Amino acid sequence: DTNYIKVCRKTPITFNAIGYYPENDQHYHQSDASSTFKWYFDDETTAEGMTVTHLYDTTIDSKGYNVELVVIDTMGCRSRMKLGKRVEISIPPT
C-alpha cells in the first residue's frame, strides 16, 4: 500500500517541511525562519523544527500512525496539515 511508510520498531524516520505563505507581506511578513513547525506523531509525542527525526518505540500496531504538521507564524496563525501517509511499524526480518 503506497499510503504507508513502513519501518521497523526503533528505526529513525526523518520528516522535512517548508512553509507555504500565499499571503506573505500582504499584512505582515511570514517566513520559515520566523515560524514554528510542530509535529504530532500520533503516539502521544511531538517535536518542533523544520526537520525532525522520530523513533516509534512501540509494539507492532496494525493501525499505523498519522503524522500531522502545524505551522504557526509570528502572529499565531496556524496551518494544520495531515501528511496523507501513515507510519506502519513492521515486524523485524528474521
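A.B. asks: I'm lost on the overall build of the protein in this one. Help?
C.D. replies: Helix and strand counts for the protein stand at zero helices and seven strands. In terms of overall size, the protein is more extended than a compact globule, its C-alpha atoms giving a radius of gyration of 16 Å where 94 residues would be expected to give roughly 12 Å. Projecting the C-alpha coordinates of the protein onto the three principal axes gives extents of approximately 55 × 20 × 20 Å. Buried residues in the protein amount to 30% of all 94 residues.

A.B. asks: It is not clear to me how the confidence of the model for the protein should be interpreted in this structure. Could you clarify?
C.D. replies: When pLDDT is low, close inspection of the predicted coordinates is not appropriate. Confidence along the protein averages 86 in pLDDT terms, with 90% of residues attaining 70 or more. Ranking the helices and strands of the protein by mean pLDDT puts strand 4 (residues 46-48) first, with 97, and strand 7 (residues 78-90) last, with 82.

A.B. asks: Explanation requested: the nonpolar core in the structure shown.
C.D. replies: F15, F37, W39, F41, Y56, V67 and V87 are the most contacted members of the largest nonpolar core, which totals 17 residues. Taken together, the elements giving at least two residues each to this core come down to strand 2 (13-16), strand 3 (36-40), strand 6 (65-72) and strand 7. Of the residues forming this core, the biggest block, four residues, is contributed by strand 6. Not counting chain neighbours up to four residues away, the residues in contact with V67 comprise F15, W39, Y40, F41, Y56, M81, K82, L83, K85 and V87.

A.B. asks: Mind showing me how you'd approach the pattern of salt bridges here?
C.D. replies: Counted by the stated rule, this structure contains two salt bridges. Across the pair K6 and E88 runs a salt bridge, and its minimum N-O distance is 3.6 Å. With a gap of 82 residues between them, K6 in strand 1 (residues 4-8) and E88 in strand 7 connect regions that are remote in the sequence. Close ionic contact of R80 with E68 constitutes a salt bridge, the shortest N to O distance being 2.6 Å. Here R80, found in strand 7, pairs with E68, found in strand 6; they are 12 residues apart in sequence, far enough to count as distant.

A.B. asks: Can you help me understand the environment of V70 in this one?
C.D. replies: Topologically, V70 is positioned in strand 6. Residue classification places V70 among the buried residues on the basis of a relative accessible area of 1%. Taking the C-alpha atoms as reference, V70 lies 21 Å from H27; in sequence the two are 43 residues apart. Look past the residues within four positions of V70 in its chain and what remains in contact with it is T36, F37, K38, Y40, R78, S79 and R80.

A.B. asks: Would you take a moment to explain the layout of surface pockets for this structure?
C.D. replies: Any empty space left between the atoms is revealed when a probe the size of a water molecule rolls over them. A volume near 380 Å³ is recorded for the largest pocket. Along the walls of the largest pocket sit 17 residues, with Y20, Y21, P22, Q30 and S79 positioned nearest its centre. Mapped by element, the contributors of at least two residues to the lining of the largest pocket are strand 6 and strand 7. The biggest single contributor to the lining of the largest pocket is strand 7, with three residues. Class assignment of the residues belonging to the lining of the largest pocket gives a composition of 10 nonpolar, four polar and three charged.

Conventions adopted
Residues numbered from 1 in each chain as written. Predicted model: local features only at pLDDT ≥ 70, side-chain atom pairs only at ≥ 80, totals over all residues. Heavy atoms only, no water. Helix = DSSP H or I, 4+ residues; strand = E, 2+ residues; numbered from the N terminus. Rg over C-alpha atoms; globule rule 2.2 N^0.38 Å. Buried < 20%, exposed > 50% of the residue type's maximum accessible area, 1.4 Å probe, protein only. pLDDT = per-residue confidence, 0-100. Core = buried A, V, L, I, M, F, W, Y, C linked by side-chain atoms within 4.5 Å. Contact = heavy atoms within 4.5 Å. Salt bridge = Lys/Arg side-chain N within 4 Å of Asp/Glu carboxyl O. 1 Å grid on protein atoms, 1.4 Å probe; cavity = no way out; pocket = protein on both sides within 12 Å on 5 of 7 lines; lining within 4 Å. Points joined across faces, edges and corners; volume = space filled by probe spheres on them. Nonpolar A, V, L, I, M, F, W, Y, C, P; charged D, E, K, R; others polar.

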